[in-house]
Amino acid sequence: MADAVDLIGGPDEGDVALACTVALVDELVRAGMRHACVSPGSRSTPIALALARQPEVTLHVHLDERSSAFFALGIAKATGDLVAVACTSGTAAAEFFPVVVEASQSRTPLVLLTADRPAALRGTGANQTIDQDHLYGDYVRIYVELPLPDRHVGTAFRDAGAAVSRACFGDPPGPAHVNLGFRENLTPAGLDISVADPGNSRVEAGSSPGGPTASGGAEHAVTIIQGARRGVVLLGGRGPMGSAAQERALAERLGWPVVAEPTSAGWSEAIAMSAGSLLLADAAWIDAHAPDVVVQIGATPLARGARALTAAAEHSVIVPCGHLDPAPGANPSSRVGDIDALLARIDATRTPSEWLTTWRTADALCRSAVDELLDSWNEPFEGRIARDTAAAIDGGTLVAASSMPIRDLATYAAPRDDVRVLANRGASGIDGFIATVLGVAAAEEGRSVFALCGDLSFLYDLGTLAWSGRRDDLNATFVVPNNDGGAIFSLLEQAALPEFERLFATPHGLDLGAICAAVGVHHERVEAAEGLDPALERSDTTGVSVVEAVVDRSTAAGLRAEVSAMVEQRLPGF
């Protein structure tokens, strides 16, 4: 049976707990933490107070823990800085799990501060007590279980802050978990408490790998590249380890066609093909223009055509930039972990060749053909909505949801130099999207943020919209192609099943305007494609707004097939 001293401290217990937690928070601030998110809870009182009373931390309060964590994730993705998210004990800590997974796989620095009952209460049926030891498994880079606070363990809390900061920005970067058990009483009495002497904490590094070990090396990669006449560069999504300047420099020096993901550093009209995904999806074009070597930089590409190109290439050079294995199913000739190693050996930009000119000419033809076709349709279509949203933004940040929105952006939108695209593509979940976007908006400090998401992603996170949607300090416009369900399944094998509508399409029939009105968020409904641009102009003011574009889901697959057919018709001359 637990000793009473393990469960209830003395009259100064709240002050001691706060002083220890302040030591932890101050160390995180020294590492650059400037934002933290917290949800209401009793056991987490020392954490909430330590964060709220730290003058260099902007604190964001959220009703539920899942939204709070996704909001923190959005800030971390937008800034690259360490962000903390804190909660009380029990199932509250379990609500963080989807965010931990996303942060781990997208290499995003995040520190999870979970309050806990004393360890002696685990397994006893005590109220709001679960086993939080290693709750997130190997998805965290480091796990720290701190001792119960007393006057002799302050150094342990400071050391934990330093260890966590190093782990979050390690190789690879990612989330860290600090579990803090507290005795009652939890509320400080205002005593001046000093905590300094070393204590015992348990600090355990996670086993999250950075991807397969490099093979072949930079010298071998350069030999392959220099011996090739026809190459293609694929730029996948970047993470905190990727450098935009480095990725762009390498792509330019190689002098080959560049197909860039919207979330990559090279999604720029000056570097990337404008309709690269459509070119890669055309089998006849690729058969006639197969490269000798593919250089793939960053995360796994979205497009099937890009993944197939790498898998089929005679030679491929993979530069993961800290991501998990970005070429599953491929047998790369060389794997190089460091872009600098290639830049040091490829120090001169190649003269544009006939090969590059051919690709650029075909790309321009493809872009103009697709734009002509899209502009001929006045009914809203997801591909045109993605294209027009990206084109209408006057610089800034666009956050794209998983499933179809990020794919439509990659397929139909022309690259922009002045638009940064963010997405939760580490684990590609649709949960927590509104919270992620509003976290990005918080980091942008007044500048407008745009978001492209499907109706299901929007509906999934309505709790966040209700709680944070009326904040006038967050400027975000959500563009929602509403096709009344999961349109992506209409393009997959499940569409032929008799249970398709009920189990996969999941039509909801909900009135998004009424939902927005209920939570006090501005809403505008667009029923013609030409109405999107004016609606976006009207929404780009202050606060949160929703532009809903009504889409007929039954026609989506046919319209996409028409785009593919148009590309196929225009390319045979090359």
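An account of the accompanying structure is given in this report.

1. Here's the deal with the overall build of the protein
Line of reasoning, step 1. Of the regular secondary structure elements, the protein holds 23 helices and 18 strands.
Line of reasoning, step 2. For 574 residues, the compact-globule estimate of 2.2 N^0.38 gives 25 Å, and the C-alpha radius of gyration of the protein, at 25 Å, lies within 12% of that figure.
Line of reasoning, step 3. Per-residue burial over the protein gives 57% buried out of 574 residues.
Line of reasoning, step 4. Taking all contacts inside the protein whose residues are at least 6 apart in sequence as the whole, residues at least 24 apart take part in 78%.
Line of reasoning, step 5. If you sum the accessible surface of the protein, you get close to 22,100 Å²; carbon and sulfur atoms cover 51% of it.

2. Concerning the pattern of salt bridges
Line of reasoning, step 1. Per the counting criterion, the structure on display carries 26 salt bridges.
Line of reasoning, step 2. Between E27 and R30 there is a salt bridge, with the nearest N and O atoms lying 2.9 Å from each other. Remark: R30 and E27 occur in helix α2 (residues 13-30); sequence separation between them is 3 residues, near one turn of the helix.
Line of reasoning, step 3. Classification of E27 by relative accessible area gives buried; the value is 18%.
Line of reasoning, step 4. Exposure remark for R30: the relative accessible area of 57% places this residue in the exposed category.

3. As for the sheet that holds strand β10 (residues 293-297)
Sheet strands associate in pairs through backbone hydrogen bonding, adopting either a parallel or an antiparallel arrangement.
Line of reasoning, step 1. Spatially, the 5 strands line up as an open sheet ordered β9-β8-β10-β11-β12, and their pairing is parallel. The sheet is open, and its two edges are formed by β9 (258-260) and β12 (334-335), each paired on a single side.
Line of reasoning, step 2. The strands that helix α12 (residues 304-312) touches are β8 (231-235), β10 and β11 (315-319); relative to β8, the one it contacts most, it runs at about 130°.

4. Re the sheet that holds strand β18 (residues 544-550)
Line of reasoning, step 1. Judged by pairing direction, the sheet is parallel, and its 6 strands sit side by side in the order β14-β13-β15-β16-β18-β17 without closing on themselves. On the outer flanks of this sheet lie β14 (419-423) and β17 (522-526), each paired with one strand and no other. With strand direction ignored, the average angle separating the axes of adjacent strands in the sheet is 20°.
Line of reasoning, step 2. One ladder, built from 7 bridges, connects strand β16 (residues 476-482) with β18; its direction is parallel. If you follow T477 over to β18, its bridge partner there is S545.

5. Description of the packing of helix α4 (residues 65-79) against helix α17 (residues 433-444)
Line of reasoning, step 1. Interhelical geometry of α4 versus α17 gives an angle of 45° and a closest axis separation of 6 Å. Judged by the angle between their axes, α4 and α17 are oblique. In the crossing of α4 with α17, the sense of the turn from one axis to the other is right-handed. Across the interface between the two elements, S67, F70, F71, L73, G74, I75, A78 and T79 from α4 touch A435, T436, L438, G439, V440, A442, A443 and E444 from α17.

6. So, the environment of Y139
Line of reasoning, step 1. In this structure, Y139 sits in the loop between β4 (110-116) and β5 (142-146).
Line of reasoning, step 2. A residue is classified by how much of its surface remains accessible, and Y139, at 33% relative accessible area, is partly exposed.
Line of reasoning, step 3. C-alpha separation for the pair Y139 and A176, spaced 37 residues apart in sequence, amounts to 8.6 Å.

7. Some remarks on the side chain of D12
Line of reasoning, step 1. For D12, the position within the fold is in the loop between α1 (4-7) and α2.
Line of reasoning, step 2. A distance of 3.0 Å separates the side chain of D12 from the side chain of R151, its partner in a polar contact.
Line of reasoning, step 3. Setting aside its immediate chain neighbours within four residues, D12 contacts R151, L191 and I193.

8. A few points about unusual backbone geometry
Line of reasoning, step 1. The omega torsion of the bond from D171 to P172 falls at 5°, within 30 degrees of zero and hence cis.
Line of reasoning, step 2. Mapped onto the elements of the fold, P172 is located in the loop between α7 (154-168) and β6 (175-181).
Line of reasoning, step 3. In this structure, N185 follows E184 across a cis peptide bond, with omega equal to 10°.
Line of reasoning, step 4. Its location among the elements puts N185 in the loop between β6 and β7 (202-205).
Line of reasoning, step 5. Phi angles above zero are rare outside glycine, and R107 is one such case at about 60°.

9. Here we look at the pairing of β18
Line of reasoning, step 1. Across the 7 residues of β18, 6 count as buried, placing the element largely inside the fold.
Line of reasoning, step 2. Bridge count between β17 and β18: 5 bridges; the pairing is parallel. Within β18, the residue paired with H523 across the bridge is V546.

10. Concerning the nonpolar core
Nonpolar side chains in soluble globular proteins tend to be buried together.
Line of reasoning, step 1. Ranked by internal contacts, the top residues of the largest apolar core, which has 85 residues, are W256, I297, V317, W359 and L409.
Line of reasoning, step 2. When residues in this core are grouped by element, the largest group, 8 residues, is from helix α14 (residues 354-375).
Line of reasoning, step 3. Residues L73, A76, A93 and V544 belong to the second largest nonpolar core, which totals 51 residues.

11. A closer look at α12
Line of reasoning, step 1. The complete set of buried residues in α12 reads A306, L309 and T310. Take α12 and look down its axis: the buried residues cluster within an arc of 95°, on one side only. Within α12, the exposed residues directed more than 90 degrees away from the buried face are R304 and A312.
Line of reasoning, step 2. Close packing links the buried residues of α12 with β8, α10 (276-281), α11 (283-288), β10 and β11.

12. Points about α4
Line of reasoning, step 1. Between its first and last C-alpha atoms α4 spans 21 Å; for 15 residues at 1.5 Å apiece the expected length is 21 Å, and the two agree.
Line of reasoning, step 2. Of the residues that open α4, the one with a side-chain oxygen 3.2 Å from the backbone nitrogen of R66 is D64.
Line of reasoning, step 3. In the segment just after α4, G80 is the residue with positive phi, at about 75°.

13. Some details on the packing of aromatic side chains
Line of reasoning, step 1. Counted by the stated rule, this structure contains 9 aromatic pairs.
Line of reasoning, step 2. A ring pair is formed by W285 and W359, whose centres lie 5.4 Å apart and whose planes are at 80°; its orientation type is edge-to-face. Note that W285 is positioned in helix α11 and W359 in helix α14, a separation of 74 residues in sequence.
Line of reasoning, step 3. Ring plane angle 65° and centroid distance 6.4 Å describe the contact between F458 and F478, whose orientation is recorded as edge-to-face. One end of the pair, F458, is in helix α18 (residues 455-460); the other, F478, is in strand β16, with 20 residues separating them in the sequence.

Scoring rules and cut-offs
Residues numbered from 1 in each chain as written. Predicted model: local features only at pLDDT ≥ 70, side-chain atom pairs only at ≥ 80, totals over all residues. Heavy atoms only, no water. Helix = DSSP H or I, 4+ residues; strand = E, 2+ residues; numbered from the N terminus. Rg over C-alpha atoms; globule rule 2.2 N^0.38 Å. Buried < 20%, exposed > 50% of the residue type's maximum accessible area, 1.4 Å probe, protein only. Contact = heavy atoms within 4.5 Å. Areas by Shrake-Rupley, 256 points an atom, 1.4 Å probe, with all protein chains shown as cover. Salt bridge = Lys/Arg side-chain N within 4 Å of Asp/Glu carboxyl O. Pairing = 2+ DSSP bridges. Axes fitted to C-alpha atoms, helices over the stretch in contact; angles between N-to-C directions. Parallel < 35°, antiparallel > 145°, perpendicular 65-115°, else oblique. Left-handed = near helix turned anticlockwise from the far one by under 90°. Polar contact = N/O pair within 3.5 Å; in protein donor to acceptor, adjacent residues only side chain to side chain. Core = buried A, V, L, I, M, F, W, Y, C linked by side-chain atoms within 4.5 Å. Arc of directions from axis to C-beta. Expected span 1.5 Å × (residues − 1). Phe/Tyr/Trp six-rings, centres within 6.5 Å; stacked < 30°, edge-to-face > 60°.

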